[in-house]
Amino acid sequence: MKTYAYGFPRLGKNREFKKLVEGFWGNDHTKEELVSGLETIQEENIKRYELQVDTSPDGELTFYDQMLDTAILCGVFSPENIEDYYELCRGKSALEMTKWFNTNYHYLITDFSEHAGVNFKLNLEHFALNFKKGAFPSVIGPFTFLKLSKGIAKEEFKKLFLDLVPVYQELLTKFNNVQIEEPAFVLDLTAEEIALIKEGYSKLSDYESKITLITYYDSIDWLEDFLQLPAKAVGLDFLRGKANLEYISHNGFPEEKTLIAGLVDARNVWKNNIPQSIDKLRCLNSKVADIVISNAAPLFHLPVSLVGEEFLNQNLKNKLSFAEEKLAEINLIAKYFNEKTIPAELSSESYGENIDIKNKVKNLKAADFIKPTALAERRAMHDENFKLPLFPTTTIGSFPQTKEVRKNRLNFKKGKILDLEYKQYICSEIDKLIELQEELGLDVFVHGEFERTDMVEFFAQNLEGIGTTDAGWIISYGTRTYRPPIIFGDISRPKPMTLDEIVYAQSKTKKPVKGMLTGAVTIIAWSFVRQDIPVSDVAYQIGLSLKEEIEDYEKNGISIVQVDEAAFREKAPIKKRDWPEYFEWAVKSFNLTINTDSKTQIHTHMCYSEFSEIIEYINQMDFDVISIEASRSKGDIITFFENIDFKRQVGLGVWDIHSPTVPPVAKMVDIGRRALKKIPKENFWINPDCGLKTRNWDETKEALLNLIETSKELRK
Ligand code: GLN
Ligand code: ZN
């Protein structure tokens, strides 16, 4: 049995990719240094493959993002040089970014409404593709590229797709071997879309012997047709794509094709259960003539390697496998299969168990998920209590994180400054921020989140049962990296996590200060999660810890609490049929968290506005106020709320904090007016559309002044 792998992280063990690209932006590296540095990364990745697997693509690298490269490959953009390329990635004319499937990777999105009448043509000479000049490059397929682009009218899609396929024809004339990635094949597709894919791909049939067609993230619902597409080898996910295995074990597999069997999980860090993989292989082997063992999704969702993680608990480390270790696992499965020996089951010795919290979750009753006081009654209590003006103003939590803030936090982590000194420093930052909020005249204050590196990592460090790594970096977009925590055990809260800072901030002002928490779904979405208990139990364990934190707030005079659920939409499964199960635990974990004193006003925050399909679920979350993105969508999003007669309050994110421009009052007022059509004015708040941690102080002050002016205008 042979082996195959693809999608190894481009980041480099020591984040070389980030350093090179950002170094080039900052003029610390020349173009030549950048190019040769990236080439070295590519070569090292190829060496890693060669050590463990038989076959892999040798042209996978990008200067920034593969989806942008695809747009360039087919001539939508023609940057003349590398500076032009990066213009498309960052700065004023940058493309918008959006989430890649249900992962936390973001790609640059091509907006076809700005490229009407585009003429696709193969653009291979472009520098960004020099890296793909290996003998076996990897590209995103035409369907996935268009399906994940925007600004394509329904009736236009067909023409665009059929126009785009010839670019791939031409590409295939230049190479003997191309890996085409079509993850969008696993989405819920219509019969028309499937027919269109068949029609388009049929034009590639002369090149069948050159095509390796890879899919991942879930199963394909139209396998019978898929398996007829021209490709000598096809990759299927046998981990998340459970239906793939069922189909093949019932219906077999075309004799002339190779099956690249995705058996090793590339979206989670746990070691492969090899006996289980071998079982699957046996089942496949009885139906398929030629199988190759592979990863089930691109490996870039994982950190590069476990080497160097010296501070991870050894017990935990023994259970883990990052990208490099996954390659070794692919090799190992083949070895065991070929030698017809079977390794012992992984020890199931549990680590980080907490019987007390397990029991608490087991004993949860329906009433634990339902607030005893209804929304309208709570509204009356809160109005009475807070006496807020019409269109109250607030912010989402974080304020600019200057170099100094980050340096102090790092020095504290490294033990260079003592606990007391650090606390005093954070307090002094809070003092300044409270003063500023008084000066500006905001209605509901925040403490600024100066003590937090990241909205998930901070809680991971303070909760039991979650580990953090030293260098387990992955890319969230471009050169931006983060370290997902690892949820390995039962989760509990040994002591209050955020109480000191919030209570301190409240002691400095008469205005209410919001307690600030990250919700269970978002903590789960941006972590690697244990798989030995249901994810719903993990969510309820986190929910119970967060609830204890809110109860501590309440005992200490905090009466407004925000629970951020930035990843609520993103975490939804790819297939709609899996939605009810997901939203059930997602909504319940939220309602469990906030089932505290009804006098407390509960806010939630989501950084986006794509609510059309999930608004009913959002409305099952029993918060009082939700703050959302409203700037890029110009207030139109409110129609979603109108349609369901939404009774909760809505914080309009009128300032797009992702853009470096200060929003003028008129523009924000306009958004407010559009939103005001049907929802009663008493139900609106005015706020930025996300935290301000990436902005600088000058623009923050100016923009907040405008924001407060906006609220005054609207009151008039
Ligand atoms: N409270 C967080 C902040 O203000 C929310 C961030 C987010 O939603 N991404 O930074
Ligand atoms: Zn946000």
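All residue numbers refer to position in the chain's written sequence, counted from 1. Key to labels: chains lettered from A, ligands numbered from 1, both in the order written. The predicted origin of the model limits local features to residues at a pLDDT of at least 70 and limits the giving and counting of side-chain atom pairs to 80 or more, whereas totals for whole chains, interfaces and linings rest on all residues. Computation of side-chain values: all heavy atoms of the structure, hydrogens and water removed.

Help me out: how do you make sense of the overall build of the chain in this one?
What the chain contains, in helices and strands, is 25 helices and 20 strands. Whereas a compact globule of 716 residues would reach a radius of gyration of roughly 27 Å, the chain reaches 26 Å, a difference of no more than 12%. Counting only C-alpha atoms, the chain reaches 75 × 60 × 50 Å along its principal axes. Each of the 716 residues in the chain was classed as buried or not, and the buried ones make up 60%. Helix numbering and strand numbering both begin at the N terminus, where a helix is a DSSP run of H or I of at least 4 residues and a strand a DSSP run of E of at least 2. We take the radius of gyration over the C-alpha atoms and set the globule estimate at 2.2 Å times the residue count to the 0.38 power. Relative accessible area decides the class of each residue, using a 1.4 Å probe on protein chains only: under 20% of the type maximum gives buried, over 50% gives exposed, and in between gives partly exposed.

Help me out: how do you make sense of the packing of helix H24 (residues 665–675) against helix H25 (residues 697–715) in this one?
The relative placement of two packed helices comes down to the angle between their axes together with the axis-to-axis distance. Note on geometry: axes are lines fitted to C-alpha atoms, helical ones only across the stretch in contact, with angles between N-to-C directions running from 0 to 180 degrees. Interhelical geometry of H24 versus H25 gives an angle of 45 degrees and a closest axis separation of 9 Å. The pairing of H24 with H25 is recorded here as oblique in orientation. For the element pair H24 and H25, the recorded crossing hand is right-handed. Residue-level contacts link Val-665, Met-668, Val-669, Gly-672 and Arg-673 of H24 to Ala-703, Asn-706, Leu-707, Glu-709, Thr-710, Glu-713 and Leu-714 of H25. Here is the rule for angles: anything less than 35 degrees is roughly parallel, anything more than 145 is roughly antiparallel, 65 through 115 is roughly perpendicular, and the remaining ranges are oblique. Whether a crossing is left-handed or right-handed is set by the direction in which the near helix is turned from the far one by less than a right angle, anticlockwise for left-handed and clockwise for right-handed. When checking whether two residues touch, look at their non-hydrogen atoms; a contact exists if any pair is within 4.5 Å.

Sorry, what's going on with the site of ligand 1 here?
Looking at ligand 1, the residues that line it are Ile-396, Gly-397, Ser-398, Glu-449, Met-455, Met-516, Asp-564, Ala-566, His-605, Cys-607, Cys-690 and Gly-691. Here a polar contact means two N or O atoms within 3.5 Å. Within protein one must be a hydrogen donor candidate and the other an acceptor candidate, and residues neighboring in sequence count only if both atoms are side-chain atoms. Glu-449 places a polar side-chain atom, nitrogen or oxygen, 2.8 Å from a nitrogen atom of ligand 1. His-605 places a side-chain nitrogen or oxygen 3.2 Å from an oxygen atom of ligand 1. For ligand 1, whose unbound accessible area comes to 290 Å², protein coverage reaches 90%. If a single non-hydrogen atom of a residue is within 4 Å of a molecule or strand, that residue counts as near it. Methods summary: accessible areas were calculated by the Shrake-Rupley approach with a probe of 1.4 Å, and residue burial reflects only the protein chains presented.

Would you mind showing me how to read the packing of helix H13 (residues 355–362) against helix H20 (residues 535–555) here?
Here H13 crosses H20 at 100 degrees, and the two axes come no closer than 10 Å. Our classification of the angle between H13 and H20 gives roughly perpendicular. Taking contact as the criterion, the partners of Ile-357, Lys-358, Lys-360 and Val-361 in H13 are, on H20, Asp-537, Tyr-540, Gln-541, Leu-544 and Glu-548.

When you look at the packing of aromatic side chains in this model, what are you seeing that I'm missing?
Aromatic ring pairs are reported here in terms of the distance separating the ring centres and the angle at which the planes meet. Aromatic contacts are taken between Phe, Tyr and Trp rings whose centres are within 6.5 Å, Trp giving its six-membered ring; a plane angle under 30 degrees counts as stacked, one over 60 as edge-to-face, and the others as tilted. Considering all chains together, one arrives at 39 aromatic pairs under this definition. Where Tyr-582 meets Trp-585, the ring centres are 5.2 Å apart and the plane angle is 90 degrees; that geometry is what we call edge-to-face. Here Trp-585 and Tyr-582 lie together in helix H21 (residues 579–593), a separation of three residues that amounts to about one turn. Residue class for Trp-585 comes out buried when judged on its relative accessible area of 7%.

What am I meant to see in the coordination of the zinc ion (ligand 2) here?
A donor here means any N, O or S atom no more than 2.8 Å from the metal (3.2 Å for Na, K and Ca); water is not included, so a site may seem to lack partners. Binding of the zinc ion (ligand 2) to the protein goes through His-605 (NE2), Cys-607 (SG) and Cys-690 (SG), at separations of 2.1 to 2.2 Å. In short, tetrahedral needs four donors with all angles between 85 and 135 degrees, square planar needs four and octahedral six donors with opposite donors over 155 degrees apart and all other angles between 65 and 115, and whatever is left is irregular. Of note is the zinc ion (ligand 2), whose four donor atoms meet at the metal with angles of 88 to 125 degrees in an arrangement that counts as tetrahedral. Each donor residue of the zinc ion (ligand 2) lies on one chain, and together they are spaced H-x1-C-x82-C. Here the residue Cys-607 occupies a position in the loop between strand S17 (601–605) and helix H22 (615–620), and Cys-690 occupies one in the loop between strand S20 (684–688) and H25, the gap between them amounting to 83 residues. Judged by its relative accessible area of 17%, Cys-690 is buried.

When you look at H25 in this model, what are you seeing that I'm missing?
Helical periodicity: at 3.6 residues per turn, an α-helix aligns residues three or four positions apart in one direction. To estimate how far a helix should reach, multiply one less than its number of residues by 1.5 Å. Compared with an ideal rise of 1.5 Å per residue, which puts 19 residues at 27 Å, H25 spans 27 Å between its outermost C-alpha atoms and is within 8% of the ideal. Within the span of H25, buried status applies to Glu-699, Thr-700, Ala-703, Leu-704, Leu-707, Ile-708, Thr-710, Ser-711 and Leu-714. Angular distribution of buried residues about the axis of H25 spans 165 degrees; they occupy a single face of the element. The inward-facing, buried residues of H25 abut helix H16 (419–440), strand S19 (649–655), H24 and S20. The N-terminus of H25 is capped by Asn-696, whose side-chain oxygen sits 3.1 Å from the backbone nitrogen of Asp-698. What the arc covers is the set of directions going from the helix axis to the C-beta atoms.

What's the story with the sheet that holds S20 in this structure? I'm lost.
Where strands meet in a sheet, backbone hydrogen bonds hold them as pairs that are either parallel or antiparallel. Overall, parallel pairing links the six strands, which are arranged S14-S16-S17-S18-S19-S20 in an open sheet. In this open sheet, the two edge strands, each paired with only one partner strand, are strand S14 (514–518) and S20. Sheet twist, expressed as the average angle between the axes of neighbouring strands with direction ignored, equals 25 degrees. Across five bridges, the pairing between strand S18 (residues 625–629) and S19 is parallel. Across the sheet, Ile-626 pairs through a bridge with Val-650, a residue of S19. Of the strands in this sheet, S14 and strand S16 (560–564) touch H20, which is tilted by about 170 degrees from S14. Its contacts with the sheet place H24 against S19 and S20, and it is angled at close to 150 degrees to S19. What makes two strands pair is DSSP finding at least two bridges between them.

Help me understand the side chain of Asp-65 in this model?
As for its position among the elements, Asp-65 is in the loop between helix H2 (31–52) and helix H3 (66–73). Of the side chains with opposite charge, Arg-10 lies nearest to the buried Asp-65, which makes no salt bridge, at 5.2 Å. Among the polar contacts made by the side chain of Asp-65, one reaches the side chain of Tyr-105 at a distance of 2.7 Å. Here Leu-108 takes part through its backbone nitrogen, which lies 3.1 Å from a polar atom of the side chain of Asp-65. In contact with Asp-65, not counting residues within four places along its chain, are Arg-10, Tyr-85, Tyr-105, His-106, Tyr-107 and Leu-108. We score Asp and Glu as negative and Lys and Arg as positive, and we do not count His or the chain ends. Salt bridges are defined as contacts in which a side-chain nitrogen from Lys or Arg sits within 4 Å of a carboxyl oxygen from Asp or Glu.

Could you clarify how one ought to interpret the side chain of Ser-149 in this entry?
Looking at where Ser-149 falls in the secondary structure, it is placed in the loop between helix H5 (142–147) and helix H6 (154–174). Among the polar contacts made by the side chain of Ser-149, one reaches the main-chain carbonyl oxygen of Phe-145 at a distance of 2.7 Å. When sequence neighbours within four positions are dropped, the list of residues in contact with Ser-149 reads Ile-109, Thr-110 and Phe-112.

Hey, could you run me through the pattern of salt bridges in this one?
Any two side chains of opposite charge can pair, so long as their charged atoms come close to each other. Taken as a whole and assessed by the stated rule, the structure comprises 39 salt bridges. Between Lys-159 and Asp-163 there is a salt bridge whose closest N-O contact spans 2.8 Å. Residue Lys-159 and its partner Asp-163 are located together in helix H6, separated by four residues, close to a single helical turn. Its relative accessible area of 33% is what places Asp-163 among the partly exposed residues. With a shortest N-O distance of 2.9 Å, Glu-613 and Lys-576 are connected by a salt bridge. Taken together, the positions of Glu-613 in the loop between S17 and H22 and Lys-576 in the loop between S16 and H21 put the pair 37 residues apart, joining distant regions of the chain. Among the residues examined, Glu-613 registers a relative accessible area of 43% and is labelled partly exposed. Since its relative accessible area comes to 39%, Lys-576 is described here as partly exposed.

Nothing here speaks to function; it is all geometry.
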